[in-house]
Amino acid sequence: MNGPIVVGFDGSPESVAATGWAAREAVLRGLPLELVEAWPWRRTDVLGTDDAIAWSRQRLAAKEEELRAVLASGAEVTSAHVPEEPAEALEAAGRNAAMLVLGSRGLGTLRGYLVGSVSQEVLRRAACPVVLVRAEEGGPTTGGPTTGGPTTDASAQGDVVLGLDLRHACDDVIAFAFEAARLRSAPLRAVHAWMPPTGSEYMAFAAIGSMDAELSAAEQREFADTLSPWRSRRPQVTVNAELVRGHAATTVVEAAAGADLLVVGRRVRRAPIGAHLGPVAHAAIHHVQCPVAVVPYE
C-alpha cells in the first residue's frame, strides 16, 4: 500500500470528519494525502453554475492549505476537483490509493448511521480498503496545541478490533489490522464468532453439550493457527483473541464498542449479481460508532 490516502471531501460535517481522520492516518503511515471533490454537474450554461464551481474549488483549495499548514513538516497534501459522479470519481481514485476514507452521518444510537448511496457503492466496488468515519469522530483539523490539530498520540487510542472469518483466507484483512495496531501502538483484539450447525437444537442436552465442547475446541485451534504466523511477524503487537458463540454480525458490532478502529473484510465476488457487502460489513457500517475499515480480499 504505497499509494496516497484519498479522502472524499464536499464540505459537509461528515466529510470534514473523514478528512481529519485521513490526515492523521497519513501522518501515521508516512503517506501523501489527496482530497477528492467530485462535481457531477457538467453544464455551465445554467445560471450560477460557474460561480458555484468557483466557490467549490476555493473551498477545496482552502482545506488543502489548512491541512498542509497543520500537518508534519514535509507532508504531501494535494487535491483534485473532478467533473464526475462521486462514486465513479472515488472508485477511480481508489485504484491507485492505499485507502479511501469517506464520511457518514449519524442518526442516533437506536437508529444507527446513515450511509449514503455513494459511500455504499464505493464500499462495494473499491479495489482498496475503505474507511468510513462518523461525523463526530474526525475531530478538528486546524490549530495548534490549544485547538487540537491532527495527532498521533497513541495514549489517546483505544484498541483495534478485527472481525475475523475463519471460513475464508483473508490475509489482506489480517495484515491491515495488524499494521493499524502497530502504527497506533495499540492492542489488537481479534474476534471470531461461531455457531453450532443448524438442527443441533433438537438434539438431547447431553449430546448438545458434548458437541459444543468439541466444536469450540476445534474453532479455538483454527483461530490460534490463523493468528500464529501474524503474531510472529508482528511481535510488537499485543493480540487478544476472543472466540464467541453467537452471530457474527452482532458479535462484531458489540466488540467494537469503545474501539479506535474496527477492521472487517469484504469478499470480492465474481458473480452475476455483482459486488455487495456481506452481513458483517453491512452491520458494522450502519451500527458501529468508531471508524470502520472494510478491506477487500479474494
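The notes below deal with the structure included here. This is a predicted model, so every value here is computed, not measured. (Residues numbered from 1 in each chain as written. Predicted model: local features only at pLDDT ≥ 70, side-chain atom pairs only at ≥ 80, totals over all residues. Heavy atoms only, no water.)

1. A short note on the pairing of strand S8 (residues 188–194)
Part 1 of the argument: Counted residue by residue, S8 has seven buried out of seven residues, so it is predominantly covered.
Part 2 of the argument: Taking every second residue as pointing to the same face, both faces of S8 are buried, with Leu 188, Ala 190, His 192 and Trp 194 on one and Arg 189, Val 191 and Ala 193 on the other.
Part 3 of the argument: Here four bridges tie strand S7 (residues 160–163) to S8, and the two strands are oriented parallel to one another. Bridge pairing links Val 160 to Leu 188 in S8. (Buried < 20%, exposed > 50% of the residue type's maximum accessible area, 1.4 Å probe, protein only. Helix = DSSP H or I, 4+ residues; strand = E, 2+ residues; numbered from the N terminus. Pairing = 2+ DSSP bridges.)

2. Re the packing of helix H7 (residues 248–255) against helix H8 (residues 279–287)
Part 1 of the argument: Running from N to C, H7 and H8 point in directions that differ by 35 degrees, and their axes come no closer than 8 Å. As for the relative orientation of H7 and H8, their crossing is right-handed in sense. In this structure, H7 uses Ala 248, Ala 249, Val 252 and Val 253 to contact H8, whose residues at the interface are Pro 279, Val 280, Ala 283, Ala 284 and His 287.
Part 2 of the argument: Of the residues in the contact of H7 with H8, the class split is eight nonpolar, one polar and no charged. (Axes fitted to C-alpha atoms, helices over the stretch in contact; angles between N-to-C directions. Left-handed = near helix turned anticlockwise from the far one by under 90°. Contact = heavy atoms within 4.5 Å. Nonpolar A, V, L, I, M, F, W, Y, C, P; charged D, E, K, R; others polar.)

3. Some points on helix H4 (residues 117–125)
Part 1 of the argument: Listed as buried for H4 are Ser 119, Val 122 and Leu 123. One face of H4 carries all of its buried residues, which in axial projection span an arc of 100 degrees. (Arc of directions from axis to C-beta.)

4. Some details on the environment of Ala 87
Part 1 of the argument: With respect to the helices and strands, the residue Ala 87 is situated in helix H3 (residues 86–94).
Part 2 of the argument: On the accessibility criterion, Ala 87 (10% relative accessible area) is buried.
Part 3 of the argument: The sequence separation of Ala 87 and Gln 120 amounts to 33 residues, and the corresponding C-alpha distance is 8.9 Å.
Part 4 of the argument: Dropping the residues within four chain positions of it, Ala 87 is found in contact with Val 118, Glu 121 and Val 122.

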